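Each chain, letter by letter, is given below.
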Amino acid sequence: MRNRRDILPPRLAGRFLKWYCREDIFEEIEGDAQELFAKRLKEDGRTSATRNYWWDVLRFFRYSNLKFNLLPKFNNNPNMLNNYILSARRNLQKNKLFALINIAGLVAGISGFFFLSILAYHELSYDEFHAKKDRIVRVALDFNDAAGNTRQHARVGAPWGPALNESYAEIETYVRFRFAFRTLVAKGEMKIYETDGLFVDPAFFDVFNFNLIAGDKNTVLAKPNSIVLNQSLAKKYFGDADPIGQYLRLDNQLDTEVTGIIEDPPGNSHFKYDFLLPFALHASIRPDWMDKWTRLNYHTYLLLDEPSSIAQLDAKLPDFIKKNMDPEDAPLMKAVLQPITDIHLTSHRSSEFEANGNLNEVRAMIAIACFILAIAGFNYINFATAKVTTRVREVGLRKAIGATSSQISRQLLTETAITTTFATMLSILVLWLLWPAFNQLIAKNILLPVSELPFLAGALVLIIVLTLLTGYYPALILSRFTASQALTKQTNGARFGLGMRQTLVGLQLFVSMLILIGLGVVLLQVNYIRDKDLGFEKADVVTIPFASREMRNAHETVYQQLYESPAIISAATSSGNLGGGDWGTSMVKEGGNEIERVSTRMLNIDYNFAELYKLEVLNGRTFSKDYPSDSIDAFVINEAAAEVLDMEEAVGQRIEIPGWRRGEVIGVVRDFHFRSLHHEIAPLLMFVVPENFQALSIKINPNQRQEAIAHIEKVWNSYTTDSPFQYQFLEDSLSRRYVEEERKADIIALFGVLAMFIAALGLFGMIMNSAQQRLKEIGVRKVLGASVIRVTGLFIKELGIMLTIAAAVSIPIGAYLMTTWLQSFAYRTVIDWRVFVLATCSVALLAILTVGYHALKAARTSPVKTLRHE
Amino acid sequence: MHRINIGEFEELVLLMVGVLNQDAYGVAVMEEIEEQTGRKINISAVHSALRRLEAKGYLTSSMGGATSERGGRRKRIFTLTHGGKLALDQIKDLRTRLWNQIPNMAVQKGN
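Owing to the predicted nature of the structure, the values given are computational and were not obtained by experimental measurement. (Residues numbered from 1 in each chain as written. Chains lettered and ligands numbered in written order. Predicted model: local features only at pLDDT ≥ 70, side-chain atom pairs only at ≥ 80, totals over all residues.)

Let's talk about the overall build of chain A
Working step 1: Along chain A, the regular secondary structure elements total 29 helices and 24 strands.
Working step 2: Burial analysis of chain A (870 residues in total) assigns 36% to the buried set.
Working step 3: Counted over contacts in chain A with a minimum sequence separation of 6, partners at least 24 positions apart contribute 81%. (Helix = DSSP H or I, 4+ residues; strand = E, 2+ residues; numbered from the N terminus. Buried ≥ 20, exposed ≤ 12 C-beta atoms within 10 Å, placed from the backbone. Contact = placed C-beta atoms within 7 Å.)

A few points about the overall build of chain B
Working step 1: For chain B, the helix and strand inventory stands at 4 helices and 2 strands.
Working step 2: In sequence order, the secondary structure elements of chain B are arranged as α-α-α-β-β-α.
Working step 3: Counting over 111 residues, chain B shows a buried share of 29%.
Working step 4: Put simply, 44% of the contacts in chain B that link residues at least 6 apart link residues at least 24 apart.

Some points on the nonpolar core
All names here are of chain A.
Working step 1: Of all hydrophobic cores here, the largest spans 79 residues; its most connected members are Ile372 and Met513.
Working step 2: When residues of this core are assigned to domains, at least three fall in each of domain 2 (70–129 + 358–496) and domain 4 (497–533 + 731–870).
Working step 3: Leave out the neighbours within four places in its chain, and isoleucine 372 touches Gly109, Gly112, Phe113, Phe751, Leu754, Ala755 and Ile758.
Working step 4: Formed by 55 residues, the second largest nonpolar core is a distinct cluster that contains Phe199, Ile261, Tyr273 and Leu281. (Core = buried A, V, L, I, M, F, W, Y, C linked by C-beta atoms within 7 Å. Domains from an automatic or database assignment.)

Here's the deal with the interface of chain A and chain B
Working step 1: The partner chain B presents 14 residues to the 16 residues of chain A that form the contact.
Working step 2: When residues of the side of chain A that touches chain B are traced back to their parent elements, those giving at least two are helix H2 (23–44) and helix H3 (46–60) of chain A.
Working step 3: No other element matches the 11 residues that H2 of chain A contributes to the side of chain A that touches chain B.
Working step 4: Partitioning the side of chain A that touches chain B into residue classes produces 5 nonpolar, 3 polar and 8 charged. (Nonpolar A, V, L, I, M, F, W, Y, C, P; charged D, E, K, R; others polar.)

So, helix H8 (residues 231–238) of chain A
All names here are of chain A.
Working step 1: Within H8, burial applies to Leu233, Ala234 and Tyr237. Looking straight down H8, one finds its buried side chains confined to an arc of 100°; they lie on one side.
Working step 2: Where the residues of H8 are buried, they touch strand E4 (183–187), strand E5 (190–194), strand E8 (226–230), strand E9 (247–250), strand E10 (254–262) and strand E11 (275–278).
Working step 3: Residue glycine 239 follows H8 closely and has a positive phi angle near 60°. (Arc of directions from axis to C-beta.)

What about the environment of isoleucine 446 of chain A?
All names here are of chain A.
Working step 1: Within the secondary structure, isoleucine 446 is located in the loop between helix H14 (405–442) and helix H15 (453–480).
Working step 2: Separated by 324 residues in sequence, isoleucine 446 and histidine 122 place their C-alpha atoms 7.5 Å apart.
Working step 3: Not counting residues up to four positions away in its chain, the partners in contact with isoleucine 446 are Ile118, His122, Gly267 and Asn439.

So, the sheet that holds strand E15 (residues 568–574) of chain A
In a beta sheet, neighbouring strands are held together by backbone hydrogen bonds and run either parallel or antiparallel to one another.
Residues and elements named next belong to chain A.
Working step 1: As summarised here, the arrangement of the 4 strands in space is E15-E23-E14-E24, forming an open sheet in which the pairing is antiparallel. For this open sheet the edge positions go to E15 and strand E24 (728–729), each flanked by a neighbour on one side alone.
Working step 2: Relative to E24, strand E14 (residues 541–545) is paired through 2 bridges, and the arrangement is antiparallel. Bridged to valine 542 within E24 is phenylalanine 729.
Working step 3: Sitting on the sheet, helix H19 (residues 555–563) is in contact with E15 and strand E23 (695–700), with an inclination near 165° to E15. (Pairing = 2+ DSSP bridges. Axes fitted to C-alpha atoms, helices over the stretch in contact; angles between N-to-C directions.)

With respect to the pairing of E14 of chain A
Working step 1: As paired elements, E14 of chain A and E23 of chain A share 5 bridges and run antiparallel to each other. By the bridge assignment for E23 of chain A, proline 545 of chain A is matched with alanine 695 of chain A.

Some thoughts on the packing of helix H2 (residues 26–37) of chain B against helix H3 (residues 43–55) of chain B
Residues and elements named next belong to chain B.
Working step 1: In contact at an axis separation of 9 Å, H2 and H3 are set at 110° when each is read in the N-to-C sense. Judged by the inter-axis angle, H2 sits roughly perpendicular to H3. Crossing handedness for the pair H2 and H3: right-handed. On the side of H2, the interface is formed by Gly26, Val27, Val29 and Met30, while H3 contributes Ile43, Val46, His47 and Leu50. (Parallel < 35°, antiparallel > 145°, perpendicular 65-115°, else oblique. Left-handed = near helix turned anticlockwise from the far one by under 90°.)

Examining the environment of proline 566 of chain A
Working step 1: The topology assignment puts proline 566 of chain A in the loop between H19 and E15.
Working step 2: The spatial distance from the C-alpha of proline 566 of chain A to the C-alpha of glutamine 704 of chain A is 8.8 Å, given a sequence separation of 138 residues.

Comments concerning unusual backbone geometry
Residue and element names in this part refer to chain A.
Working step 1: Unusually for a residue other than glycine, aspartate 127 sits at a positive phi of about 60°.
Working step 2: For aspartate 127, the position within the fold is in the loop between helix H5 (96–124) and strand E1 (136–144).
Working step 3: Its identity is not glycine, yet aspartate 251 carries a phi of approximately 50°, on the positive side.
Working step 4: In this fold, aspartate 251 is placed in the loop between E9 and E10.
Working step 5: Classification of aspartate 251 as partly exposed rests on a count of 14 C-beta atoms within 10 Å.

Regarding the packing of helix H1 (residues 8–20) of chain B against helix H4 (residues 82–101) of chain B
The angle between the axes and the distance between the axes are what describe a pair of packed helices.
All names here are of chain B.
Working step 1: Between H1 and H4, whose axes approach to 11 Å, the crossing angle comes to 120°. Judged by the inter-axis angle, H1 sits oblique to H4. Relative to H4, the crossing made by H1 is left-handed. Residue-level inspection shows Glu11, Leu14, Leu15 and Gly18 of H1 in contact with H4, the latter providing Gly84, Leu88 and Ile91.
Working step 2: A per-class count over the contact of H1 with H4 returns 4 nonpolar, 2 polar and 1 charged.

Comments concerning the confidence of the model for chain A
Working step 1: Summarising the model, chain A shows a mean pLDDT of 84, and 95% of its residues fall at 70 or more.
Working step 2: Note on residues 492–496 of chain A: pLDDT is under 50 here. Beyond four places in sequence and across chains, it has 7 contacts. (pLDDT = per-residue confidence, 0-100.)

Remarks on the confidence of the model for chain B
Working step 1: Looking at chain B, the pLDDT average stands at 85 and 91% of residues meet or exceed 70.
Working step 2: Interface confidence for the predicted complex, given as ipTM, is 0.86, next to a pTM of 0.70.

Description of the environment of serine 226 of chain A
All names here are of chain A.
Working step 1: By secondary structure assignment, the location of serine 226 is in strand E8.
Working step 2: Put simply, serine 226 and leucine 248 are 22 residues apart on the chain and 9.6 Å apart in space, counted from C-alpha to C-alpha.
Working step 3: Excluding residues within four positions of it along the chain, serine 226 makes contact with Val220, Leu221, Thr256, Glu257, Thr259 and Pro278.

Here you go:
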């Protein structure tokens, strides 16, 4: 006889059907399925019947058969909707403090989300506006040295562009950029130093999408003395007058004719410009650079015939290098093609136009945005769940007069929708009000996209998602009560959802601690960078360039003129200012072979330099006029250079920079940060070549700043009549190197504080609520003789357990996350254990104060009030 | 004239309910369709169509008897409403009218 189990359909499938199927149609569906099973069992056997039964059950799993109401149906009577809105308004009004906390939290969360997502969108949109963006690539160069270091250059030599274009058919055209550094632009008596000029090839307008407002793109840069201004610069020099055909004098020597006006580059272009000059002009100034393959001064962009050519061209580049480069250099070089839209977020080479963004940071931004929104959403769920107690009577009454569960859900979801819509609109208002300040904070000029369709669509999606995610759970809980449960005295909901609520408070504590830990470490690192000893004295140093060649040649005389004022302490010159005035080459021990070459930085300084900056001499001496040969064949090196050259006793040994200079090491100085702290201290060679001095460093008496500056200006004016005087404090220009970091820290701090604020609101609301819910319990305890202190202590003990758990989880996670973050700095602070203590204690303090306050208030209420029945 | 909006499959199901007279429930309709047209269809599709037709007012239903091979579950028996009958008539009329308007020329012999 057959086993009874064999003639029954699979149990699991049956249970699954029962789980999902609407009750009113379950019977007929299961009946049909079983009937089919029985027939197939007879005809096809058990295996096939079972398989088909499963298949049928799965096929019945369709939206119209589901018992769950995934989406509320709002198609009923508009009067009902009016009633929902009315009761939503009354509910918000009934407990104003609660409503305020609730909406404030949502507004903070939503505005934070908007700010960050607009910023992230902006970062991701770089260079997307070029119509040919998928065909534009930049040629960059990797250069290896013997020590295994790779230097990544953003630029290549002048011949690269034309030669590539000629060699490969897939390249349609090329554009080379050359910075026009610090150009004195003069219109009559108006003379201003402009820094953002570019020499560009004529194909500029064919490759990139910048609109010419005036002028013809085929001819604007045809004449070598033409200049194209952007709108802002045109306005600056010409106001409302028509600049076309007018003349501007550059660097007191070249008259250029304005031939075109171009729109300002948008904020999401990875290069910016104020004016454009023809590349031919640059070529006529520097004809000797035009055939130098390794004078890496030119950002070079290629326009390809189609996107797929990038890979093809990439494969051909090694041959190109072999053919054109010095046979010695060729094996060390690797050309890289960078699609233009990738440059802003992924390229961090030397000589980028500006500090580029970072894909990880954009991801972090998106994560923080979602995180902030999530905490705000959590708060909402918390509050709504906590309010179950107060609303359970209302639900009971509604049910008693005939409301169904789904109607109750609908009503509660309508309430949530109203709250989120209101909060979103308020957030947009906040966004609009704070936008200028925000732009200033991030130092960008992003337009607030409130009137743009994607933004509005996004806001709408946000409202819907937020409503469903935050409204669903509370609605589910409340609508589950039956009328009799809700209306009888026993159910006041106090026990209901308690575990859930404790979890949420714990989560709230955990999140707050995590945020504070993150914030603490970020601030530590910023302070560390700000206060780090750079190894030289940077205070009270004024830097100016030389006004003219005559002034440079007479720099010794200039010193004497400067010293006439008692406000000037000392003066020195160098090839460039500390913090970026050095440049790179490779060096080798004299007599060493090619293979042993290592890369090094170089700085050209005069005899006073080491003294002015108080560089610490470890061995030997610094440059001195007493040794005439110091300006011919002497080097002072830093510790890093001695180490990389493997010289224990460096002084007296000889090194050479192949192809340029050889000489004896006369001294070793302690490592100092001649570049910004983004870079580890590299090997450094210092020497004296007076013809190449560019910058004057003047140490002044800090108590006589004004006299000092006035005196320096007087000396400057005695060497030039047509260049205006400009000076900088070294400290300012150094700290400008960390503007990006400080800005990021500011942004992180701002949103950390915002998240903290939301979390604190949530904590406050939760605790307030749970205290209110336990009024009866407190009443009973007091009747039985508990003191106010004991009752309060009870609350705090409970909180203490949750605090301990939260701290135990958040500290290791926070430590791990922040250690990972710190890895991105060459010089990083160690995470101080006090950060953890401080974070835990502040959260604990906030929580205990809130709990204490509410517990005390509850504990002092007379039990008569809380225990009395109506 | 009231517009009849039913799909091809719904029309088929509606016809089968008519054919089966007092005996139309999910499995019966499915088997009838398989037998008469040779189409393989899934039971869930039949159920959906039946319920849609009921919502449109072409069918009405009541719970019928249970059998042991259904695990003791009752059937939902569907019957044509007056509206359903009218709808079938209208569809048929429309078809016939259009069919008669096709000139013989247009029907080419298959080759």
